[in-house]
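Descriptive structure summary
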Amino acid sequence: MKIYADNAATTKMSPAAVAAMVECLEKEYGNPSSLYALGQQARERLEKARGEVAAVIGAEPEEITFTSGGSEADNQALRSAAALGKKAGKTHLISSAFEHHAILHTLAALEKEGFTVTLLPVHEDGLVRPEELEAAIREDTCLVSVMYANNEIGTVQPIEALGAICRKRGVPFHTDAVQATGHLPIDVKAQNIDMLSASAHKFHGPKGVGFLYARRGLRLTNLIEGGAQERGKRAGTENVAGAAAMAAALKESAAAMEKNAAHMSVLRDRLIEGLKEIPHSALNGDARKRLPGNVNFCFEGIEGESLLLLLDDRGISASSGSACTSGSLDPSHVLLAIGRVHDVAHGSLRLTIGEDSTEEEIDYLIRNVREVVEYLRGFSPIWRDLMSGKKEFIL
Ligand SMILES: *Cc1c(COP(=O)(O)O)cnc(C)c1O
C-alpha cells in the first residue's frame, strides 16, 4: 500500500487546478501588461482569479496581491507593517513562539534592524491565550501576527478573539493562514483580520504561487522592485497560470470544505485513538481544536528520523514535524514551545491525511506505526534505560 500522509508539507494538485493551469499555458500565454487582445485576455484571466480568491475569504479583489507563495506573503506582511510602524515611531511587533520560520526569521531580521519583538507563549494545548495578547500590546506595537493553524501540530488559534483585541487597540493584525486556507472557513471582515497569507500548494494548487490579503488602506512595502505589476507592490510578469490554478483549487476546496472536514476529522480521530494505544506516547496539541487532517504524536524512546525511514520502506510518506527542520538535529521549535522536553520532542511523528484518505489507509497507518515503534524501541539504549528504571518515563 502507498499512503501519502504529508499533506501539511504539500498537496497533490487537483484535476481542476491542473486543467486551469494547462489551459492558461496553452492558450492565454500573453503578457498581462501587453495592450493587444492576447495580453488583455491574460489580464482578464488574472483578474478573474483575483476575484475568485477574494470571494472565498470575504475580501475585495483589490485587497489581494499575488505572491510566489506563503513565505513571500509572510515576509511582505511583516515588512509592510514594520515600515508603517516605523514612520509612526512604533517599532514593537508581537507574534507567537511556534510560528513558521517565514515569520520567525523575518522577525529576527527586523530585530537586527532595531525593532523589538515579543513572542507570545503557546500553552501545552498548542494555543495562545487572548488575554496574554492583550497584556503584551504596548503603545508602540505596530503589528500582531499569529498563525491561523499550526503547520506541525495543527492547532487552530482563536483568530476572531485575537483580531478583536487588535482592532480595539488599533493594532494591525496579520495571520499566516497557509495551513487554514481551503480547509477552514475564513471571513477576514468578521474575524477582524487586516492581513492574511496563503499558499496554493497547501490546498491542491501549484507550488510557487500564493497571495497576501491586505485590508484596503493598509499600504504594502514591495519586496521586489521593478515594474508596476500588482499595483506596484510586487514587480515581475505575473504568474497567470499559477494564479488561475490557485483560484480553481481554492474554489473547489471552499465548496467541499464542510464535507471534507467531516470526512477527515472522523479518520483523524480514528488514527489518534489507534496511536494512543502505543504505550508511552502522547498526542501533541488539543485533540479538538486542530485541523481536520492533522495528527502529531510523540513516542518516548525513539528517534523520529528512523521512524520516518522505516515507514517510507512500508510505503508511507510522513514527517517528523516540519520540512524546514528535517536534515537538522535540532528538535522542533513547535514541540519545545508547547513544553515537550528535547528527548521526547525528538521522537515525533506528523501524519497529515487528505480528502481522499480512507478507513483502510488509517488502519494500515496504525498497524505500521505500532510495529515500527515497537521494533525501534527493541534496540534503543534510551528505551532500555527507561525500562530498567535508570531513566524515568515522561510520557
Ligand atoms: C507551507 C507554509 C508556509 C510557506 O509557504 P510556501 O508557499 O511553501 O512558501 C508558511 N507558513 C505555513 C504555516 C506553512 O505551512
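Residues numbered from 1 in each chain as written. Predicted model: local features only at pLDDT ≥ 70, side-chain atom pairs only at ≥ 80, totals over all residues. Heavy atoms only, no water.

1. Focus: helix H4 (residues 101-112)
- Helix length check: H4, at 12 residues, gives a terminal C-alpha distance of 16 Å against a target of 16 Å (1.5 Å per residue), a fit within 8%.
- Listing the buried residues of H4 in full gives His101, Ala102, Ile103, Leu104, Thr106, Leu107 and Leu110.
- Residues of H4 that are buried sit in contact with helix H3 (70-87), strand S3 (92-96), strand S4 (116-120), strand S5 (141-145), strand S6 (173-176) and helix H10 (333-337).
- Just downstream of H4 lies glycine 114, where phi reads positive at about 110°. (Helix = DSSP H or I, 4+ residues; strand = E, 2+ residues; numbered from the N terminus. Expected span 1.5 Å × (residues − 1). Buried < 20%, exposed > 50% of the residue type's maximum accessible area, 1.4 Å probe, protein only. Contact = heavy atoms within 4.5 Å.)

2. Overview of the site of the ligand
- Near the ligand lie 13 residues; those nearest to it are Ser71, Asp176, Gln179, Ser199 and Lys202.
- Contact between the ligand and glycine 70: an oxygen atom at 2.8 Å from a main-chain N or O atom of the residue.
- In this structure, a nitrogen atom belonging to the ligand sits 2.7 Å away from a side-chain N or O atom of aspartate 176.
- Compared with its free state, where it exposes 380 Å², the ligand has 86% of that area covered by protein.
- The residue inventory of the shell around the ligand, partitioned by class, reads 2 nonpolar, 8 polar and 3 charged. (Near = heavy atom within 4 Å. Polar contact = N/O pair within 3.5 Å; in protein donor to acceptor, adjacent residues only side chain to side chain. Areas by Shrake-Rupley, 256 points an atom, 1.4 Å probe, with all protein chains shown as cover. Nonpolar A, V, L, I, M, F, W, Y, C, P; charged D, E, K, R; others polar.)

3. Side note on the side chain of glutamine 157
- Looking at the element boundaries, glutamine 157 is found in the loop between S5 and helix H6 (159-169).
- Engagement of the side chain of glutamine 157 in a polar contact is seen with the backbone nitrogen of valine 128, the distance being 2.8 Å.
- Beyond its immediate chain neighbours, meaning those up to four positions away, glutamine 157 contacts Phe98, Gly126, Leu127, Val128, Val146, Met147, Tyr148 and Leu162.

4. Topic: the sheet that holds strand S10 (residues 294-299)
- Spatial ordering of the open sheet is given by S9-S10-S12, a layout of 3 strands whose pairing is antiparallel. The open sheet terminates on both sides in strands that have one partner only, identified here as strand S9 (281-283) and strand S12 (348-352). The mean angle between the axes of side-by-side strands here comes to 20°, regardless of whether they run parallel or antiparallel.
- Bridge count for S10 against S12 is 5 bridges, and the pairing is antiparallel. Note on S12: the bridge partner recorded for valine 295 is leucine 351. (Pairing = 2+ DSSP bridges. Axes fitted to C-alpha atoms, helices over the stretch in contact; angles between N-to-C directions.)

5. Quick look at the sheet that holds S5
- In spatial order, the strands read S2-S8-S7-S6-S5-S3-S4; together these 7 strands make up an open sheet with mixed pairing. Both outer strands of the open sheet, strand S2 (64-67) and S4, are each paired with one neighbouring strand and no more. Taking the axes of each pair of neighbouring strands and ignoring which way they run, one obtains an average angle of 20° across the sheet.
- Pairing geometry for S3 and S4, over 5 bridges, is parallel. Paired with serine 96 across the two strands is leucine 120, which belongs to S4.
- Running at roughly 155° to S6, H6 makes contact with S5 and S6 of the sheet.

6. With respect to the domain arrangement of the chain
- Each domain of the chain was delimited in the assignment, giving domain 1 (15-255) and domain 2 (257-388).
- Relative placement of domain 1 and domain 2: their C-alpha centres are 29 Å apart.
- The interface is formed by 29 residues belonging to domain 1 together with 22 residues belonging to domain 2.
- In total, domain 1 and domain 2 occlude about 2,100 Å² of area from one another, counting both sides; carbon and sulfur atoms represent 58% of this.
- Counting the surface domain 1 buries against domain 2, the share from its top three residues, His101, Glu152 and Ile153, is 33%.
- At the boundary of domain 1 with domain 2, the tally comes to 0 salt bridges.
- Taken together, the links from domain 1 to domain 2 amount to 12 residue pairs in polar contact (both at pLDDT 80 or more). (Domains from an automatic or database assignment. Buried area = accessible area lost by both parts, 1.4 Å probe. Salt bridge = Lys/Arg side-chain N within 4 Å of Asp/Glu carboxyl O.)

7. Some points on the pattern of salt bridges
- Considering all chains together, one arrives at 26 salt bridges under this definition.
- For lysine 251, the salt bridge is made with glutamate 52, and the minimal N-O distance between the two is 3.4 Å. One end of the pair, lysine 251, is in helix H7 (residues 240-255); the other, glutamate 52, is in helix H2 (residues 37-57), and 199 residues separate them in sequence.
- Taken together, the salt bridges that share partners define one network made up of Arg43, Glu47, Arg50, Glu230 and Glu238.

8. With respect to H6
- Among the residues of H6, those classed as buried are Ile159, Leu162, Gly163, Ile165 and Cys166. An end-on view of H6 places all buried positions within 160° of arc, on one side of the element.
- Where H6 is buried, its residues meet helix H5 (130-136), S5 and S6.
- One or two residues past the end of H6 sits glycine 170, with phi positive at roughly 70°. (Arc of directions from axis to C-beta.)

9. Quick notes on the environment of methionine 264
- Within the secondary structure, methionine 264 sits in helix H8 (residues 257-276).
- For the pair formed by methionine 264 and leucine 25, sequence separation is 239 residues and the distance between their alpha carbons is 33 Å.
- Aside from chain neighbours lying at most four places away, what touches methionine 264 is Pro292, Gly293, Ile353, Gly354 and Glu355.

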